[in-house]
Every structure is written in structure tokens, then in C-alpha cells.
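Chains, contacts and geometry: an overview
Residues per chain, in single letters:
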Amino acid sequence: MKTFLIIMLVIGGLYLIAFYVWPWVFSLYLRCLSERNLEAYFIKLYRRFKDNPRKFRDNEVCKLQTIAQISCEVWNEAKEASQQELALEKDARLLEDIRQDIVYCSQKFEFWCGARDALQQEIQRREFFNSFRN
């Protein structure tokens, strides 16, 4: 009887760690990342999605699409702010830095808009094929 109780406690502890503690610790880890590292994580996650979209559940694809939408808006705002700064700046050295910043923001904006569109198409494709199940 003692052995059975110990086994049940160990299984319960593993269940608690796997389904409650680990997700909480991982979300805390993501909150502590810098913006650059967090974006790198999401880029890596998107590339994993592009390699094998079937490994992702529907709700994960929707969340990733939301992240892509938000990132697209953030980089668009950054690009617009740089363009406004470019119009006001007079120093030639700073102008070149601002132009490089605009190019960088444009690349990020195009990447995330492409990701958003691809994820939206995947969501629509899944909804279409899921409609056959009903």
C-alpha cells in the first residue's frame, strides 16, 4: 500500500510539474526576455511553423498570427517614425543612419506582413477543411 501511495504521489507531482509549473516558468522566461530576443524567439517559432505547419494546433496558429499582426504594426510605426525623423534631420551622417534604420524597419515590416498573410491563409485553409468534418 505504501508503494502504491508513493507511486501515485510521484505521478501526481510529475503531472503538476509538467502541466502547471513548466508552462508558468516558460511564460515567466518569455516575459523576462529583451524585445530583440523575444522577437528572435517568435521568428524561430514562425520558421518552425513554415517547416512543418501540421505540428501546430489551430489555436497556436491563431496566436502566432496575432503576434505577426502586432509585429507588423510595430515595425510599420517604427518605419513611419524614422521617415518623419529623416524629414527633420539636417546632419549628413545622421541621415545615412536614419536611412539604414528605415531599410531595416522595412525589411522587418515586410517579413512580418508576409508571415501574417501566410498564417491567415493557413487559418482559412484549416477552417475550410474543418468544415468538411461537421
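Structural notes, computed from the coordinates. Each chain has its residues counted from 1, running along the sequence as written. Only residues with pLDDT of at least 70 get local features here, since the model is predicted, and only at 80 or more are side-chain atom pairs given and counted; chain-wide, interface and lining totals rely on the full set of residues. The side-chain values count all of the structure's non-hydrogen atoms but skip hydrogen atoms and water molecules.

Considering the arrangement of structural elements, one finds Asp97 in helix H4 (residues 92–131). Judged by relative accessible area, which is 43%, Asp97 ranks as partly exposed. Sequence-wise, Asp97 and Met8 are 89 residues apart; in three dimensions their C-alpha atoms are separated by 62 Å. Going along the chain from the N terminus, every DSSP run of H or I of four or more residues is numbered as a helix, and every run of E of two or more is numbered as a strand. Here the term buried applies to any residue with accessible area under 20% of the maximum for its type, exposed to any over 50%, and partly exposed to those in between, with areas from a 1.4 Å probe on protein chains only.

Turning to the packing of helix H2 (residues 35–51) against H4, a few remarks are in order. Here H2 crosses H4 at 40°, and the two axes come no closer than 12 Å. On the basis of their axis angle, the class for H2 and H4 is oblique. In this structure, H2 meets H4 at a crossing whose hand is left-handed. Along the contact surface, H2 presents Glu39, Phe42, Ile43, Tyr46, Arg47, Phe49 and Lys50, while H4 presents Lys108, Phe111, Trp112, Gly114, Ala115, Ala118, Leu119, Glu122 and Arg126. The nonpolar class holds Ala, Val, Leu, Ile, Met, Phe, Trp, Tyr, Cys and Pro. Asp, Glu, Lys and Arg form the charged class, and all remaining residues, Gly among them, are polar. In the contact of H2 with H4, the residues fall into nine nonpolar, one polar and six charged. Orientation is described by lines fitted to C-alpha atoms, with helices fitted over the stretch in contact, and by angles between N-to-C directions that extend from 0 to 180 degrees. Roughly parallel here means an angle under 35 degrees, roughly antiparallel means over 145, roughly perpendicular means 65 to 115, and every remaining angle is called oblique. By convention the crossing between two helices is left-handed if the near helix lies anticlockwise of the far one by an angle smaller than a right angle, and right-handed if it lies clockwise. Residues are treated as being in contact if the distance between any of their heavy atoms lies within 4.5 Å.

This paragraph deals with the nonpolar core. With 18 residues, the main nonpolar core has Tyr46, Phe49, Val61, Leu64, Trp112 and Leu119 as its most contacted residues. Taken together, the elements giving at least two residues each to this core come down to H2, helix H3 (58–88) and H4. The biggest single contributor to this core is H4, with seven residues. If we skip the residues at most four places from it in the chain, Trp112 touches Glu39, Phe42, Ile43, Ala68, Ser71, Cys72 and Trp75. To form a nonpolar core, buried Ala, Val, Leu, Ile, Met, Phe, Trp, Tyr and Cys residues must be joined to one another through side-chain atoms within 4.5 Å.

On to a nonpolar patch on the surface, then. On the surface, Tyr15, Leu16, Ile17, Phe19, Tyr20, Val21, Trp22, Trp24, Val25 and Leu28 cluster together into a nonpolar patch covering about 1100 Å² of accessible area. By secondary structure assignment, the location of Tyr20 is in helix H1 (residues 2–32). Patch definition: residues with relative accessible area over 30% and no salt bridge; like charges joined within 9 Å; nonpolar side chains (Val, Leu, Ile, Met, Phe, Trp, Tyr) joined within 5 Å. Residue exposure ignores everything except the shown protein chains as possible cover, and the areas themselves are Shrake-Rupley values with a 1.4 Å probe. For salt bridges, the criterion is a side-chain nitrogen of Lys or Arg within 4 Å of an Asp or Glu carboxyl oxygen.

Each residue after the first adds 1.5 Å to the expected span of a helix. Its 31 residues give H3 an end-to-end C-alpha distance of 46 Å, which sits within 8% of 45 Å, the value for a rise of 1.5 Å per residue. If you check which residues of H3 are buried, you get Val61, Leu64, Gln65, Ala68, Ser71, Cys72, Trp75, Lys79 and Ser82.

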